[in-house]
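Coordinates in review
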Amino acid sequence: MSFVFEPTSTVALPVVGQPERFPIHRVYCVGRNYEEHAKEMGFTGREPPFFFLKPTDSLVVVDAGQIGSMPYPSLTQNLHHEIELVVAIGVGGKNIQAADAEKHIYGYAVGLDMTRRDLQNDMKKQGRPWCIGKAFDQSGPIGPITPKDKAGDVINAEISLQVNGADRQRSSIDKLIWNIAETIEHLSAAWELQPGDLIFTGTPEGVAAVVQGDRLVGQVTGLGSLTVDIQK
Ligand code: MN
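Read on for a plain summary of the structure.

Thresholds applied
- Residues numbered from 1 in each chain as written.
- Predicted model: local features only at pLDDT ≥ 70, side-chain atom pairs only at ≥ 80, totals over all residues.
- Heavy atoms only, no water.
- Donors = N, O, S within 2.8 Å, 3.2 Å for Na, K, Ca; no water.
- Buried < 20%, exposed > 50% of the residue type's maximum accessible area, 1.4 Å probe, protein only.
- Helix = DSSP H or I, 4+ residues; strand = E, 2+ residues; numbered from the N terminus.
- Arc of directions from axis to C-beta.
- Polar contact = N/O pair within 3.5 Å; in protein donor to acceptor, adjacent residues only side chain to side chain.
- Salt bridge = Lys/Arg side-chain N within 4 Å of Asp/Glu carboxyl O.
- Pairing = 2+ DSSP bridges.
- Axes fitted to C-alpha atoms, helices over the stretch in contact; angles between N-to-C directions.
- Phe/Tyr/Trp six-rings, centres within 6.5 Å; stacked < 30°, edge-to-face > 60°.
- Lys NZ or Arg CZ within 6 Å of the ring centre and 35° of its normal.
- Core = buried A, V, L, I, M, F, W, Y, C linked by side-chain atoms within 4.5 Å.
- Contact = heavy atoms within 4.5 Å.

Here's the deal with the coordination of the manganese ion
- Bound to the manganese ion on the protein side are Glu82 (OE), Glu84 (OE) and Asp113 (OD), at distances that span 2.0 to 2.2 Å.
- You can call Glu82 buried: its relative accessible area is 4%.

So this is what it looks like as structure tokens:
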């Protein structure tokens, strides 16, 4: 097959303990999935799950032991961090029941759903799509995938983020409003999941602004850490 121009290369994440990379299909994200974060955003904390997407090529892939970096994006004065557990789908399907969800999971990673909060809030007020706030270039730094059999007890893992060494976000995965299996059930009712899909499962409370030169270090117990610098 020939193309009018060279197609962009496949975005793929490293996998802990093996040389093959995990090729990414789509990047789904869950909104307001921890009660205390929903409250800090002005909501009650209990509503049906809802979803948005980031472009696959907005991921910033950070290999194990490396320090990633992302530019401070255009158009914003209020770039926020959101540390999240990311679920990697290995077996696709639609209308997956929560009880069957585990067999569709390949592994887990630590990711940042970076957000142009001022632009997102403007869009919310106007009832417009969030894309400009959430789906901008290089908005999704993410570390390696740990296969699920090496990830330990992710359901009860601690999740946290430090900025320049100071704690900003700290919670546990068991505080998800919609747990991983329920999220897969809801998501797969709306889209047919494919191998290579990622699900950013939502962020706990403590979201706040970062500035140029800041260093973000996030971790989920059992999945290692993700370090990202905001470029000067
Ligand atoms: Mn998020």
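Read on for the rest.
Quick look at helix H4 (residues 180-190)
- If you check which residues of H4 are buried, you get Ile180, Thr183, Ile184, Leu187 and Ser188. For H4, the buried positions fall inside an angular range of 120° around the axis, keeping them on one side.
- Its side-chain oxygen 3.1 Å from the backbone nitrogen of Ala181, Asn179 forms the N-cap of H4.

Points about the pattern of salt bridges
- Going through the model one piece at a time under the given rule, you end up with 13 salt bridges.
- A salt bridge links Glu82 to Lys134, with the nearest nitrogen and oxygen atoms 3.1 Å apart. One end of the pair, Glu82, is in the loop between strand S7 (79-80) and strand S8 (83-89); the other, Lys134, is in helix H3 (residues 131-134), and 52 residues separate them in sequence. We note that Glu82, like Lys134, is buried.
- Among the ionic pairs, Lys103 bridges to Asp100, the shortest N-O distance being 3.5 Å.
- Taken together, the shared-partner salt bridges connect Lys54, Glu82, Asp113, Arg117 and Lys134 into one network.

Side note on the sheet that holds strand S16 (residues 215-220)
- Pairing in this open sheet of five strands is mixed, and the strands run S6-S17-S16-S13-S14 from one edge to the other. Taken across any chain shown, the strands that pair with only one partner, and hence form the sheet edges, are strand S6 (67-70) and strand S14 (166-172). Sheet twist, expressed as the mean angle between neighbouring strand axes with direction ignored, is 20°.
- In this structure, S16 lies alongside strand S17 (residues 225-230), joined through five bridges in antiparallel fashion. Looking across to S17, one finds that Arg215 is bridged to Asp229.

Some points on the pairing of S6
- Taking every second residue as pointing to the same face, the buried face of S6 carries Gly68 and Met70, while none of Ile67 and Ser69 on the other face is buried.
- Across four bridges, S6 lies against S17 in parallel orientation. Residue pairing in the sheet places Ser69 in a bridge with Asp229 of S17.

Quick look at the packing of aromatic side chains
- Taken as a whole and judged by the stated rule, the model has five aromatic pairs.
- With a centroid separation of 5.2 Å and an interplanar angle of 35°, the aromatic rings of Phe22 and Tyr106 are classed as tilted. Placement of the pair is Phe22 in strand S2 (residues 18-23) and Tyr106 in strand S9 (residues 105-112), with a sequence separation of 84 residues.
- On the accessibility criterion, Tyr106 (25% relative accessible area) is partly exposed.
- Three or more aromatic residues joined by ring pairs make a cluster, and in this case those are Tyr28, Phe51 and Trp191.
- The ring of Phe136 has Lys54 sitting right over it, with the charged end atom 5.9 Å from the ring centre.

Quick word on the nonpolar core
- Counting residues in hydrophobic clusters, the biggest one holds 40 residues, and the most contacted among them are Tyr108, Met114, Ile180 and Ile184.
- For this core, the elements supplying multiple residues, two or more each, are strand S3 (27-30), S8, S9, strand S13 (158-163), H4, S16 and S17.
- Among the nonpolar cores identified, the runner-up in size contains 17 residues, and Leu59, Trp130, Leu198 and Phe200 belong to it.

Considerations on the environment of Glu84
- By the secondary structure assignment, Glu84 is in strand S8.
- Overall, Glu84 belongs to the buried group, its relative accessible area being 0%.
- Distance in space between the C-alpha atoms of Glu84 and Ala109 is 8.6 Å, their sequence separation being 25 residues.
- With residues up to four places along the chain from it excluded, the contact list for Glu84 reads Ala109, Val110, Gly111, Asp113, Ile159, Phe200, Thr201, Gly202 and Thr203.
- Here Gly202 takes part through its backbone nitrogen, which lies 2.9 Å from a polar atom of the side chain of Glu84.

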